[in-house]
Amino acid sequence: MIDTITNKPRKGATVQTTINSKAQNAAWSSLQSSGKSGAVVALNPQTGAILAMASYPSYDPNKLAVLDGNQLNANDNALQKDSNQPLLNRAINATYPPGSTFKIITSSTFFNEGKGNPGTEVPAPTSLTLPQSSTKLINDNGEVCGNGNTATVDLAFTKSCNTAFANLGMNLGSATLKAEAEKYGFNNPDLTIPTPVSPSNFPLEPASSFTAMSAIGQKDDTVTPLQEAMMSAAIANGGKLMRPYLVQQVQAADLSIVDQATPQQLSQPVSSQVAGEIKGMMLHVVNQPEG
């Protein structure tokens, strides 16, 4: 109050984030041009530093910094009631079905359990009838995977064959998949960057048919965009998952360092060998010939 009356300049700390401005602008521009709600997160795999974190739609924070109390309340009410939820940070607080990206974890589990490698032939029928049900699982557009009966894990991953990975999931079991998913950061209610991150979820499934669907990223699986980035970053970093963070350092008004980020390993979901194998399969996905 004295500083306000005397008009003495207030000196606060300076917060330096890990955001890369070019990466952030590219992320925001892409989301904005799409016109669809969503989020983008980019990490430095070696450190866990968040290089870009954009959520769309967003809002102008200046509307919540006005001096007119009535105007402030009006602006806040308008944002709260907006059906597009601009106040929601979708990058860390919204969860979505991971879909086929979860096949990274199913593959990790299969390799970690010593069941095989990318060249291992696994069942890959064109149609898979799920246990205790009449539900028939097929691949995208009824696509044939491999020879129609079997395929290598590499080919099944590259073509994103649902039947192959659903079958792998049932054989591995829900508990084993859950344990592997948690190494990547799933089911963690305590993750912060430093703001709290909503947990990504992989529950224990009570039936094989449910496990089949969860193994391909459906049923009850949910992930934040940050979790998706963490999965890829762990593979890119030789199997080491680094704790994500947004604040690089905090500097006081006298230029002394109040806080300095130190990269920390969160877990080791896979060995460097397995990470290399999965990285190779991920590259095949984006480099496969069209048609």
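Our structure is the block above this text.
To start, this report covers the structure provided alongside it. (Residues numbered from 1 in each chain as written. Predicted model: local features only at pLDDT ≥ 70, side-chain atom pairs only at ≥ 80, totals over all residues. Heavy atoms only, no water.)

1. A word on the nonpolar core
Part 1: Counting residues in each nonpolar core, the largest one holds 54 residues, and the members touching the most others are Leu43, Met53, Tyr184, Phe186 and Leu226.
Part 2: For this core, the element with the highest residue contribution is helix H10 (residues 225-236), accounting for seven residues.
Part 3: In this structure, Ala27, Leu31, Ala54 and Tyr56 belong to the second largest nonpolar core, which totals five residues. (Core = buried A, V, L, I, M, F, W, Y, C linked by side-chain atoms within 4.5 Å. Buried < 20%, exposed > 50% of the residue type's maximum accessible area, 1.4 Å probe, protein only. Helix = DSSP H or I, 4+ residues; strand = E, 2+ residues; numbered from the N terminus.)

2. Focus: empty space enclosed by the protein
Part 1: Within the structure shown, the criterion is met by one cavity of 30 Å³ or more.
Part 2: Size it by volume and the largest cavity reaches roughly 50 Å³.
Part 3: Residue lining of the largest cavity: Gly185, Asn188, Leu191, Val197, Ser198, Pro199, Ser200, Thr224, Leu226, Gln227 and Met230, and that is the complete set.
Part 4: By residue class, the composition of the lining of the largest cavity is five nonpolar, six polar and no charged. (1 Å grid on protein atoms, 1.4 Å probe; cavity = no way out; pocket = protein on both sides within 12 Å on 5 of 7 lines; lining within 4 Å. Points joined across faces, edges and corners; volume = space filled by probe spheres on them. Nonpolar A, V, L, I, M, F, W, Y, C, P; charged D, E, K, R; others polar.)

3. Here we look at the packing of aromatic side chains
Part 1: Following the criterion strictly, the structure yields five aromatic pairs and no others.
Part 2: Among the aromatic side chains, those forming a connected cluster through ring pairs are Phe102, Phe186 and Phe202.
Part 3: Lys219 extends its terminal NZ or CZ atom over the ring of Phe210, reaching a point 4.4 Å from the ring centre. (Phe/Tyr/Trp six-rings, centres within 6.5 Å; stacked < 30°, edge-to-face > 60°. Lys NZ or Arg CZ within 6 Å of the ring centre and 35° of its normal.)

4. Focus: the state of the cysteines
Part 1: The final tally for this structure, using the stated rule, is one disulfide.
Part 2: Disulfide partner of Cys145: Cys161, at an S-S distance of 2.1 Å. Taking the sign of the S-S torsion, about 90 degrees here, the bridge from Cys145 to Cys161 comes out right-handed. Separated by 16 residues along the polypeptide, Cys145 in the loop between strand E6 (136-138) and strand E7 (150-152) and Cys161 in the loop between helix H6 (153-158) and helix H7 (162-172) bring together distant segments of the chain. (Disulfide = S-S within 2.5 Å.)

5. Some remarks on helix H11 (residues 272-287)
Part 1: Between the first and last C-alpha of H11 there are 22 Å, a value that for 16 residues agrees with the 22 Å anticipated at 1.5 Å per step.
Part 2: Taken together, the buried positions of H11 are occupied by Val274, Ala275, Glu277, Ile278 and Met281. Each buried residue of H11 lies within a common arc of 160 degrees when the element is viewed along its axis, so the set occupies one face. Residues Ser272, Gln273, Val286 and Asn287 are exposed on H11 and point more than 90 degrees away from its buried face.
Part 3: Buried residues belonging to H11 abut helix H5 (103-112), H6 and H10. (Expected span 1.5 Å × (residues − 1). Arc of directions from axis to C-beta. Contact = heavy atoms within 4.5 Å.)

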